[in-house]
Amino acid sequence: MAWHIIALQQLINGLALGSVYALIALGYTMVYGIIRLINFAHGDIYMLGAYFGFYAITMLKLPLVPAMIVSMAAAAVVGVLLERIAYKPLRNSSRIAVLITAIGASLLLQSTAQLVFGASFKPFPQAMAFRRIQLGPVFMTNRQLLIFGVAVLLMVILHVIVQYTKLGKAMRAVSMDKEAALLMGINVDRIISATFAIGSALAAAAGILVGMYYNRIDPYMGMMPGLKAFVAAVLGGIGVVPGAVLGGLLMGVAENMVVTLGSSTLRDAVAFAILIVVLLFRPNGLLGKKGIEKV
Amino acid sequence: MATTAELMVDNLCVQFGGLKAVDQVCFSLKPQTLAGLIGPNGAGKTTVFNALTGLCPVSSGQISFCEKQLTNEPPHTIARHGIARTFQNIRLFNNLTVLDNLRIAYHQNRQYSLLCGIFRSPRFKREEAQITAKAREALDLVGLADKSEHIAGSLPYGEQRRVEIARALMLSPKLLLLDEPAAGMNPQETQTLLELIRKLRDELKITVLLIEHDMKLVMNLCEELFVLDYGHLIAKGDPKSIQSNERVVEAYLGGSWA
Amino acid sequence: MNKLTSLISGAILLFIYLLVQLLERQGILLAYHVQILSLCCINIILVVSLNLINGFTGQFSIGHAGFFAIGAYASAYLTVTWQVPFIFAIICGGILAGIAGLAVGLPALRLRGDYLAIATLGFGEIIRVIILNTDAVGGARGFSGIPKYTTFGLAYLTAIITVVVIRNFVNSDYGRACLAVREDEIAAESLGVNSTYFKVLAFTIGAFFAGAAGTLFSHYLQYMAPTPSQIGFVKSIDILIMLVLGGLGSITGSVIAAIVLTVIPELLRGFAEYRMIIYPILLILVMLYRPSGLLAGQEFSLASLAQLFKGAKAHGNHS
């Protein structure tokens with residue numbers, strides 16, 4: 001195969017993977033935009049989402065779409081609880097304290113999942129037969145199409161919520177200026193909860209999609225994609241919603257390109273190399289706004 | 001007085017995005033003057049301080065001090081050239097003791113090397129003793145000798161302001177910039193502050209430039225005043241002439257002549 | 001007074017060492033116990049050196065395992081391939097890690113708080129991936145056949161040196177400058193402290209000791225595996241947990257936490273299983289109720305103990 005065909009193929013694979021990163025990155029970026037917290041546990045919510053989906057399909061015998069909705073709802077509840085229990089009491093503490101708490105929350109979710117669901121991986125039930133869709137010289141699998149389609153659909157819904165609903169307006173107001181929003185009569189606590197709920201639901205959807213894509217889920221599956229999605233959010237400009245999507249897609253493509261070019265173990269280093277480069281040369285990300293520190 | 005100016009600010013502009021916070025400001029200070037920078041809220045006074053101390057970038061114009069160019073030098077370099085400052089919203093190291101707050105500020109005069117510090121050489125011990133003595137001296141000067149072991153953040157507001165001044169003195173500065181030193185002080189404390197600032201100039205031969213809203217303090221203390229309004233320098237001169245300056249009165253009308 | 005307390009401290013430290021030697025010779029302490037004690041020492045080095053970066057300078061790094069890994073692998077390569085004397089290998093391991101610390105410290109100037117945390121985590125993972133892809137150090141198979149040069153005595157001595165050096169550093173003007181950067185970078189700069197320089201310095205020194213700890217570790221276990229729990233983020237977070245529970249900015253706290261959290265999982269078999277549930281809960285609780293750690297910025301020393309006695313005898317007797 002000619003190199004450009006391989007590259008095109010990897011571009012398609014990269015877009016599918018990237019749309020998953022984008023879904024997770026959205027949660028990071030929304031939470032960061034509102035309370036300036038890197039929610040380290042976000043990747044583990046994604047993992048929980050995959051498990052919720054797994055049990056919804058295997059135990060409740062639900063079809064894929066209802067299972068996904070159930071899982072998203074359950075993850076949203078976990079996200080909100082997490083915020084209420086672990087983060088909210090620390091809202092006025094130092095950022096380091098909150099960050100340590102977030103790391104703690106992440107570890108806790110991981111090890112609880114390991115205890116409850118077992119440490120070994122589970123095969124994810126397949127909701128559809130594997131098919132290839134030929135697109136000229138390259139192909140796309142029906143799973144990739146599903147991932148891409150669901151991701152785009154969810155992002156459109158999110159866009160509508162953020163841009164056109166009262167909730168979205170309030171979210172944007174809180175992320176701009178919490179005090180002013182409070183004075184305008186916005187219930188800031190509720191908006192923060194809503195943000196966690198939406199972000200967690202998106203991550204849960206991503207978890208199920210990835211479970212289907214790779215055919216397996218395990219309690220540690222959230223760690224790496226979580227970190228990478230965070231990098232994607234930073235790459236796009238943290239706090240900027242379209243930035244998370246752009247960053248996610250770019251990350252997915254970049255990773256797949258590196259796999260094509262060289263070793264697949266280097267793949268995990270790509271994300272962090274990107275991160276360090278971005279932070280050094282464009283710390284506000286591709287679509288980020290410049291912030292001024294007040295003296 | 002044929003002495004040349006110590007601080008020269010020439011056409012200073014500071015721009016934040018589209019906003020010109022400081023616009024073509026020119027002024028100079030002779031050694032050992034007590035000068036005031038006044039103006040309504042939001043006039044750009046603190047921004048001038050920040051530009052002078054390297055905390056915000058100068059868009060254009062020049063700052064020179066003792067005939068050295070300091071425009072856009074990093075803050076620590078500017079501090080080394082002898083400009084010390086305090087902050088409007090007090091920036092003490094709140095979790096450290098008062099004494100440590102002061103000892104930190106001796107940093108640029110420290111002579112001993114890293115290895116001396118790690119091995120606690122005699123030189124290290126000698127110099128540390130000197131640093132502590134100097135810090136106590138500075139505390140004594142601002143009348144807080146008995147507070148050296150207190151945690152800085154636990155002191156009352158007025159004392160914190162004085163600690164901050166003492167800390168700035170540890171740099172052995174030639175020019176001291178005070179950002180609203182009397183804010184939150186009662187009349188009695190303000191009077192003590194006024195005497196302290198005079199003493200600093202008379203005994204330590206320091207030039208002082210201060211931002212202050214307490215007009216009584218400003219008029220009593222300062223020998224020269226600069227008035228800023230919307231980033232422009234609208235007047236300069238001695239307190240008498242400023243008080244009768246029409247533009248100044250106009251700028252303050254409707255503003256807070258507090 | 002000062003001389004006396006250091007003399008007493010020295011005597012106590014020597015006594016502990018001789019005691020361990022004696023008990024080992026008598027067969028009361030088994031090789032397994034001595035291994036735990038040595039791991040305690042290695043963890044003390046790691047936690048105290050991380051404390052310099054995170055606790056005293058306020059630069060939140062969670063990539064400490066990266067420096068540890070560099071020291072462990074580089075020194076092992078040196079002793080295995082070049083048969084370098086061990087003491088030289090320790091120093092080389094430290095210096096190489098220190099250089100890496102310099103390289104990480106430089107970008108640190110631009111990053112704050114959480115961004116820096118992620119970048120250092122990323123750095124640690126990059127190191128691991130590089131090791132994973134380097135055949136000269138065993139790649140994914142792990143690095144085996146490392147000579148056993150580390151003894152308890154050596155680990156013990158290195159731990160003492162680390163604690164003393166970092167304590168003296170922190171109590172000098174250099175350390176005060178680091179504290180100033182942690183407390184308020186803008187104020188520090190306006191007082192003439194070159195914050196960039198001190199961030200890099202803290203990273204370099206911290207990394208140096210982490211590298212030395214890595215050297216001791218690889219030459220104790222004689223095998224290194226490029227897994228997250230040995231040289232990756234799990235290890236970094238392990239060190240971080242010890243640091244936070246002991247208290248950011250407390251050297252004594254670091255030492256105690258390193259010992260307790262190394263010994264407990266070994267003693268309680270059942271505990272090991274729930275370790276990763278208990279630690280995070282502890283972490284969250286500490287942040288909620290005592291965010292500065294259990295020994296918040298407090299130091300315990302013979303001098304302070306003596307002060308306490310003196311205080312009890314005669315009130316307000318200042319030195």
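The structure under discussion appears in the preceding block.
This is a predicted model, so every value here is computed, not measured. (Residues numbered from 1 in each chain as written. Chains lettered and ligands numbered in written order. Predicted model: local features only at pLDDT ≥ 70, side-chain atom pairs only at ≥ 80, totals over all residues. Heavy atoms only, no water.)

1. Digging into the sheet that holds strand 8 (residues 207–211) of chain B
Residues and elements named next belong to chain B. Filter applied, for reference: When DSSP locates at least two bridges between a pair of strands, those strands are taken to pair. Comment: elements are numbered from the N terminus, with helices defined as DSSP H or I runs of at least four residues and strands as E runs of at least two. Throughout, an axis means a line fitted to C-alpha atoms (over the contacting stretch in the case of helices), and angles, computed between N-to-C directions, take values from 0 to 180 degrees.
Reading across from one edge, 6-7-8-3-9-10 is the order of the 6 strands in this open sheet, with mixed pairing throughout. Every interior strand has two partners, whereas the edge strands, strand 6 (83–85) and strand 10 (232–237), have only one. On average, each strand axis in the sheet is inclined to that of its neighbour by 20°, with strand direction left out of account. As judged from the 4 bridges shared by strand 3 (residues 34–38) and strand 8, these two strands associate in the parallel manner. From the neighbouring strand, Leu37 faces strand 8, where its bridge partner is Ile211.

2. Some words on the sheet that holds strand 5 (residues 68–69) of chain B
Residue and element names in this part refer to chain B. Here is the rule: Note on definitions: a residue-residue contact is assigned when non-hydrogen atoms from the two residues lie within 4.5 Å.
Read across the sheet, 4 strands follow the order 2-1-4-5 without closing on themselves; strand pairing throughout is antiparallel. Edge strands, defined here as strands with exactly one partner in the open sheet, are strand 2 (19–29) and strand 5. Summarising the sheet, strand 1 (residues 7–16) and strand 2 pair through 7 bridges and their orientation is antiparallel. If you follow Gln15 over to strand 2, its bridge partner there is Lys20. Running at roughly 110° to strand 1, helix 1 (residues 45–52) makes contact with strand 1, strand 2 and strand 4 (60–65) of the sheet.

3. Side note on the pattern of salt bridges
Pairs can form between side chains of opposite charge once their charged atoms are near each other. Note the following rule: In what follows, salt bridge is the name for a side-chain nitrogen of Lys or Arg lying within 4 Å of a carboxyl oxygen of Asp or Glu. When accessible area is computed with a 1.4 Å probe and restricted to protein chains, residues below 20% of their type maximum are described as buried, those above 50% as exposed, and intermediate ones as partly exposed.
Applying the stated criterion across every chain, the model contains 22 salt bridges over all chains. Residue Lys88 of chain A is joined to Asp189 of chain A by a salt bridge in which the shortest nitrogen-to-oxygen separation is 3.5 Å. Taken together, the positions of Lys88 of chain A in the loop between helix 3 (64–87) and helix 4 (95–117) and Asp189 of chain A in helix 8 (residues 188–214) put the pair 101 residues apart, joining distant regions of the chain. Ionic pairing is found between Arg91 of chain B and Asp184 of chain C, a salt bridge with its closest N-O pair at 2.8 Å. Highlighted residues: Arg91 of chain B in the loop between strand 6 and helix 3 (98–104) and Asp184 of chain C in the loop between helix 7 (173–183) and helix 8 (185–190), drawn from two different chains. Here Arg91 of chain B and Asp184 of chain C have matching classes, each one buried. Salt bridges sharing common partners tie together Glu83, Arg84, Lys88, Arg91 and Asp189 of chain A.

4. Some remarks on the interface of chain A and chain C
As a reminder, the rule being used: A quick way to say it: buried area is the sum, across both parts, of accessible area lost when two parts are put together, with a 1.4 Å probe. Two N or O atoms form a polar contact when they lie within 3.5 Å of each other; inside protein one atom must be a possible hydrogen donor and the other a possible acceptor, and for residues adjacent in sequence the pair counts only when both atoms belong to side chains.
Every contact between the two is made by 42 residues of chain A and, on the other side, 36 residues of chain C. A combined buried area of about 3,400 Å² lies between chain A and chain C, and 83% of that area is made up of carbon and sulfur atoms. For the pair chain A and chain C, the interface holds 0 salt bridges. If you look at where chain A meets chain C, you find 1 residue pair in polar contact (both at pLDDT 80 or more). Where the side of chain A that touches chain C is concerned, the elements lending two or more residues are helix 3, helix 4, helix 9 (223–236) and helix 11 (267–281) of chain A.

5. Regarding the packing of aromatic side chains
To be explicit about the condition: A pair of Phe, Tyr and Trp rings is counted when the ring centres sit within 6.5 Å of each other, with Trp represented by its six-membered ring. The angle between the planes then sorts it: under 30 degrees is stacked, over 60 is edge-to-face, the rest tilted. Only when the NZ of Lys or the CZ of Arg is both within 6 Å of the ring centre and within 35 degrees of the ring normal is a charge said to sit over the ring.
What the rule picks out here adds up to 21 aromatic pairs over all chains. Their ring planes at 80° and their centres at 5.0 Å tell us that Tyr112 of chain B and Phe124 of chain B sit as a pair that is edge-to-face. With Tyr112 of chain B in the loop between helix 3 and helix 4 (114–119) and Phe124 of chain B in helix 5 (residues 122–141), the pair connects residues that are 12 residues apart, well separated along the chain. For the residue pair Tyr112 of chain B and Phe124 of chain B, the accessibility class agrees, reading buried in each case. Members of the aromatic cluster, joined through ring pairs, are Tyr112 and Phe124 of chain B together with Phe169, Tyr174, Tyr197 and Phe198 of chain C. Its guanidinium or amino end placed over the ring of Tyr112 of chain B, Arg110 of chain B lies 5.8 Å from that ring's centre, counting from NZ or CZ.

Scope: geometric values only; no functional claims are made or implied.
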